[in-house]
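Analysis of the macromolecular model
What follows is each chain in one-letter form.
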Amino acid sequence: MNLLDDPWIPVQLGDSHIEVSGRDAILRSNEIAQLTVTAPTMMAVILRQFLLPVVMDALGVPQSAREWPRWMRLFTDGSLSSQDGISGRTDGNEWSARKRQELADYFAEHHDSFELFHPERPFAQVADLRTTNNDTKSTSLLIPSVASGNNVPLFSTRLGDAPWPLTPAEAARWLLHAQCWDTAAIKTGVVGDKQAKNGKTTGNPTGPLGQLGMVIPVGRTLAETLVLNLPIVADGLPESDRPQWRRGPWTPVWAPGRAMGRLELLTWQSRRIRLHTAGTPDGVRVTSVVLSAGDRLIETPLHEPHTVWNVDPKPKAGVPPVRPRRHSSGRAAWRGLDALLALGEGTGKVRTSRQLEDLAEVLDQDFPLQVFTVGVEYGNQSAVVENVIADSLPLPVAALREVAVRDALIQIAEQADDVAKAVNLLSADLRRAAGCEPLPWDKGQRPGDRLLHALDPSTRRVLGKLRTRSDPDAVTAVHTAWEQVARRTAFEIAEPLLCDASPRQFAGVETEHNKKKITHCSPRAELSFHKRIRDALPLAAAINRRDPDQEV
């Protein structure tokens, strides 16, 4: 099984969903619509652990915003797979031919490094990794959706030690997935690991991507996606920066460390792993695995391209001022637009990803940019996977450049939260009017959550419309239309709450707060709700003042 030659990367090629080799995934990337992975976390794995580092190590990276369009043409017009060049080219076929030859030479020189079962240098593994008792574990240890050890997903149909034979292609994907997203806590001790005690190592962090709220730019084809994720580095990549397949062979020895370069970061070996195979009637299968502690990333470096950041201007001692921002469960990606659009260091509390900052300089304003967000929620000391958070949304390039578009989108995200809060406060006020306490913030289903869910389609339509509309009048018109939808939706959700109010709630309940008597009743709750909606949606409120017939 050689990752350059044998099919293992699932893609959509035309109308077909097939697996292609690593070589074809790169050379035919302009024909491939997208990766078709079954687990959303796997997209980041294939991009970061294989496709991007191969391209960057073989060809380098764009060294300026001016040079970046040439790289986009190299990948998208078929130059990498063409033997004769592309007719009508004006940017120099010589450069394209040189890059094509560099890639071919790289595949030839490092071909053996991509052997999954190489006896001495197996890809992303340790050749002689073994426990003192030569024990192995089920391959389910690599797959977070399968019950294994502490990780016990609900409704799993297999026990953790049950055989789970994997094809070589499946094993390659889950091997790299473990290097990125593996759970924390105790790992098996192995021969040669001097830091193992009593047959185990403790204090292991999650895989490096488990610390991030990942934001990945996505194009219309895999070729576009690859170039959208290439960093722009003025001096290029240093010679000392190498991917994991050029830093081996790996041993059981591991240590805490920092990723000094981009290639080292993308292919960080957070675990030491060995796949074990057996012959079956269906062919060679990976039937068991040894998985032990690997290198511990001391901190996420600022050259990490695929996360948004929290910024603390006055951090506590020992805490870095800039830290990765993780995604929140149950929260659509557009509700984090303030972080996605926070370009530059500035003085804010959030900052967008390094890759989006680069793309703000080079993309045409009408480019149909998508962003894919993905993260993992761990539980029980990060030893189990509780949830995978994934979303995709259109991101107008104009929002990365034009203040009017950026401000409108950030305001829309904030207004959605304000409107949801107004609906929740209405519910709380009506409960008080009945003599009850409001629902605790972490208990029960809140009507504001239903509102945010209802606003999701219209907010995504706004993002799509602002791809092609960036003048102030058009932005205001789109923003106003969204506010009207939000206002109508808020009243639709509030109406049954008000209609269900009892005569007791109409009369109300009198309480005392700070030596003042307050009457909680449904009419006062309704008046307060109307005021909050007017304050939250001023553009829609202005239209309703001009045209009272539109009042709900």
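Analysis parameters
Residues numbered from 1 in each chain as written. Predicted model: local features only at pLDDT ≥ 70, side-chain atom pairs only at ≥ 80, totals over all residues. Heavy atoms only, no water. Axes fitted to C-alpha atoms, helices over the stretch in contact; angles between N-to-C directions. Helix = DSSP H or I, 4+ residues; strand = E, 2+ residues; numbered from the N terminus. Parallel < 35°, antiparallel > 145°, perpendicular 65-115°, else oblique. Left-handed = near helix turned anticlockwise from the far one by under 90°. Contact = heavy atoms within 4.5 Å. Nonpolar A, V, L, I, M, F, W, Y, C, P; charged D, E, K, R; others polar. Pairing = 2+ DSSP bridges. Expected span 1.5 Å × (residues − 1). Bend = angle between axes of the 7 residues up to and from the residue. Buried < 20%, exposed > 50% of the residue type's maximum accessible area, 1.4 Å probe, protein only.

It is worth spelling out the packing of helix H2 (residues 40-59) against helix H4 (residues 93-109) at this point. Orientation of H2 relative to H4, taken along the N-to-C sense of each, is 115 degrees, at an axis distance of 9 Å. If you check the angle between H2 and H4, you find them roughly perpendicular. Here the hand of the crossing between H2 and H4 comes out right-handed. When H2 is examined against H4, the residues Val54, Asp57, Ala58 and Leu59 are found in contact with a partner set consisting of Lys99, Glu102, Leu103, Tyr106 and Phe107. Considering only residue class, the contact of H2 with H4 consists of 6 nonpolar, no polar and 3 charged.

The subject of this paragraph is the packing of helix H10 (residues 403-433) against helix H12 (residues 472-499). Following both chains from N to C, one finds H10 and H12 inclined at 10 degrees, their axes separated by 11 Å at the closest point. One finds that H10 runs roughly parallel with respect to H12. Packed against H10, whose contacting residues are Ala404, Val405, Ala408, Gln411, Ile412, Gln415, Ala416, Val419, Val423, Leu426, Ser427 and Leu430, the element H12 presents Val475, His479, Trp482, Glu483, Ala486, Ala490, Ile493, Ala494, Leu497 and Leu498 at the interface. In terms of residue class, the contact of H10 with H12 is made up of 17 nonpolar, 4 polar and 1 charged.

Another aspect to go through is the sheet that holds strand S2 (residues 16-20). Spatially, S2-S1-S3 is the arrangement adopted by the 3 strands of the open sheet, whose pairing is antiparallel. The open sheet has two free edges, formed respectively by S2 and strand S3 (32-35), since each of these has just one partner strand. Sheet twist, expressed as the mean angle between neighbouring strand axes with direction ignored, is 35 degrees. As judged from the 5 bridges shared by strand S1 (residues 9-13) and S2, these two strands associate in the antiparallel manner. Directly across from Ile9, in S2, lies its bridge partner Val20.

Within the open sheet, the 3 strands sit side by side as S7-S15-S16. Their pairing is antiparallel. Whereas interior strands pair on both sides, the edge strands pair on one side only; in this sheet they are strand S7 (214-218) and strand S16 (384-394). Direction aside, neighbouring strands of the sheet carry axes that sit 20 degrees apart on average. Here S7 runs beside strand S15 (residues 370-379); their pairing, made up of 5 bridges, is antiparallel. Paired with Pro217 across the bridge in S15 is Val371.

Once that is clear, we can look at helix H11 (residues 447-465). The first and last C-alpha atoms of H11 sit 28 Å apart over 19 residues, in line with the 27 Å expected at 1.5 Å per residue. In H11, a bend of some 40 degrees at Asp456 exceeds every other bend along the element, and Pro457, a proline, comes one to four places later. When H11 is considered as a whole, its buried residues turn out to be Pro447, Gly448, Leu451, Leu452, Leu455, Asp456, Ser458, Thr459, Arg460, Val462 and Leu463. Lining the buried residues of H11 we find helix H8 (337-340), S16, H10 and H12.

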